[in-house]
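Listed below are the residues making up each chain.
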Amino acid sequence: MASFFSLNQSSDIHSLQNVNLFKKEKPNNELPHWYCQETGVYESKHSPRTLPSDPFVDVVSYIFSQKHNGKTSFIDASTGRSVSYAELQPLVKSMASGLHHQMGISKGDVVLMLVPNSIHFHIIFLGVLYLGGVVTTMNPLSSPQEIKKQTSACNVKLAFTVSTRINELSSLGIVSVGVPETPKFDPLSVDYSRFYQLLTSNHKALSPQTISQDDTAAILFSSGTTGASKGVVLTHKNLIAGVELFVRFEASQYGNNHEKSIYLAVIPMFHIYGLTLFTLGILSLGSSIVVMKKFDQNEMVRAISRYGITHFPAVPPLISALTRLGKSVNRGHLKSLKQVSSGAAPISIKCIEDFTQTFPHVDFIQGYGMSESTAVGTRGFNTRYVKNYLSVGLLAPNMQAKVINCATGSCSPPGKTGELWLRGPGIMKEYLNNIDETRSTIDEDGWLRTGDIVYFDQQGFLYIVDRMKDVIKYNGFQIAPADLENVLASHPDILDVAVIGVNDEVAGEVPMAFVVKKPEAKISQSEIIDFVAKQVAPHKKVRKVKFINAIPKTAAGKILRRELKSLNVSVASRL
């Protein structure tokens, strides 16, 4: 997944030149000093950041230990109700105390968050972590089958969810707390009485918890480099790295006026991109965050205008929507914007060019990261000053990289392609309950195999060329083909199936199923699409179906997805 932060408009090209990040340091025929030919290791061109040396620092305490003059933390976009920074930490501590004394949650217990964006989200998340518990997040539109699979894998003890899903979770034997969908504080509410009791617990009754940086803090499910979705286990150390190397680094590097920055949170907080930004990092800066429950383009324009939004972290479809709106609505409604960043999925050059032409006064940034690296990978640059739309930026501070030739296994120098390997404090602890996948993804020296084909240029810019992995990226969400194949294989009329991602101008990629029907079966394409839609979250739905006689496979039975992609291209070219 690609993740990004900000080069604020207050920074200028002179400050960038002063740190010599964007100058060629060696002639093209010489190797730069940040690449070691002997080891094949690329070092970050940025100066290292200081991370806490005390082994017993939890990410919540780390965030609240940062000094700032921020007044308002979160604002509900629809009502304007807010939580001040003065209120935030006591609410988090009260939630932690209530979880322990009222719900019996202790250190190491896993709590599911099956809720949309809200000003309550961060209070729950930080409260669980402050207690020493572990949070696993899910798309609130996930299917019952998906919920059952994840809660069983994580051994979930308690869940927070919307009121309409409490019965579903109860049927799985999971105690649930309903989270109010509006920010209005109503302690007399019958439907949400348990939530308000937790929120008003006496936080002074909670004994201090001893939490190690190596303790597990979150489990986020990702498709990884291959196969079905896996639980990415992130520690407090990983999340602190995400805060420091993703958020605070760029804030200090480019001198943002943090307390006057106002962010719009549309991307989901259950995703590593939104989680690292909105639930963690930005809170350490003192900036304000306006929260939208879900995307609506008219509501987005109103929020930008009403609250004077300055920063808008987004995904490519949101960038496209904002560009269209910039051409059609009164530009005065969007005049407060200073910086827009794109993450979680590849974005086309045309999309970037359209945006920068429509909003010439707004900084645009993109970068690279993934759930397995806690959104830490590269840090983007301001394309108003560096017109390089192809690159995802420079390697983040404290991070190292290798580019491994896929044919020979040797390390590739600048200008040569290979699989990107990453190492640094953001790299996950492991895949949940999956020793084999962990070992195949992280080697004994701590190098994470990303599955992405890349190269570095002579200035240190990273370029994503292709993906070894089969993951489908739909609107920034990762979809494992194996998950959809398992659903399709359960249909009585389907003999064999394979799923690939096909390009889509709006969503980036959409899932397409190649289906081999059983003899005499009469199932239609629309019936297959409906069958899958009933069993998965909306973003995972199969959008296209093609019937074929056989699925191309290797002698070992592995699906040849590249052949399917070629087949789809040849079919499309004849249409």
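Let us look at the structure shown here.

## Examining the packing of helix H3 (residues 85-101) against helix H4 (residues 121-131)
Running from N to C, H3 and H4 point in directions that differ by 60°, and their axes come no closer than 8 Å. In terms of axis orientation, H3 runs oblique to H4. When you trace H3 past H4, the crossing you get is right-handed. Contacts between H3 and H4 involve Leu88, Leu91, Val92, Lys93, Met95, Ala96, Leu99 and His100 on the former and, on the latter, His122, Ile123, Ile124, Leu126, Gly127, Val128, Tyr130 and Leu131.

## A closer look at the pattern of salt bridges
Tallying each qualifying case throughout the model produces 12 salt bridges. With its nearest N and O atoms 2.8 Å apart, the salt bridge here joins Arg165 to Glu168. According to the relative accessible area criterion, Arg165 is buried, its value standing at 9%. Owing to a relative accessible area of 29%, Glu168 belongs among the partly exposed residues under this scheme.

## Some details on the environment of Pro397
Tracing the backbone shows Pro397 in the loop between strand E17 (394-395) and strand E18 (400-404). On the basis of relative accessible area, Pro397 is assigned to the buried category, the value being 0%. C-alpha of Pro397 to C-alpha of Thr378: the two residues are 19 residues apart in sequence and 8.5 Å apart in space.

## Focus on the nonpolar core
Core analysis: the biggest nonpolar cluster contains 120 residues, and Leu99, Phe160, Leu264, Phe312 and Leu322 have the highest contact counts within it. With residues near it in sequence (within four places) discarded, Phe160 still touches Met95, Leu99, Val111, Leu112, Met113, Leu114, Val115, Ile124, Val177, Val179, Phe195 and Leu198.

## Remarks on the packing of helix H11 (residues 316-328) against helix H12 (residues 349-358)
Where H11 contacts H12, the two axes come as close as 9 Å, and the packing angle between them is 35°. Considering only the axes of H11 and H12, their crossing is left-handed. Contact residues: H11 offers Pro316, Ile319, Ser320, Leu322, Thr323, Gly326 and Lys327, while H12 offers Cys351, Asp354, Phe355 and Thr358. Looking at the contact of H11 with H12 residue by residue, the classes come out as 5 nonpolar, 4 polar and 2 charged.

## With respect to the pairing of strand E8 (residues 175-178)
Inspection of the sheet shows strand E7 (residues 156-161) paired to E8 by 4 bridges, in the parallel sense. Residue pairing in the sheet places Thr161 in a bridge with Gly178 of E8. Taken together, E7, helix H6 (residues 166-171) and E8 form a β-α-β motif whose crossover is right-handed.

Rules behind the numbers
- Residues numbered from 1 in each chain as written.
- Predicted model: local features only at pLDDT ≥ 70, side-chain atom pairs only at ≥ 80, totals over all residues.
- Heavy atoms only, no water.
- Axes fitted to C-alpha atoms, helices over the stretch in contact; angles between N-to-C directions.
- Helix = DSSP H or I, 4+ residues; strand = E, 2+ residues; numbered from the N terminus.
- Parallel < 35°, antiparallel > 145°, perpendicular 65-115°, else oblique.
- Left-handed = near helix turned anticlockwise from the far one by under 90°.
- Contact = heavy atoms within 4.5 Å.
- Salt bridge = Lys/Arg side-chain N within 4 Å of Asp/Glu carboxyl O.
- Buried < 20%, exposed > 50% of the residue type's maximum accessible area, 1.4 Å probe, protein only.
- Core = buried A, V, L, I, M, F, W, Y, C linked by side-chain atoms within 4.5 Å.
- Nonpolar A, V, L, I, M, F, W, Y, C, P; charged D, E, K, R; others polar.
- Pairing = 2+ DSSP bridges.
- Right-handed = clockwise from strand over helix to strand, strands pointing away.

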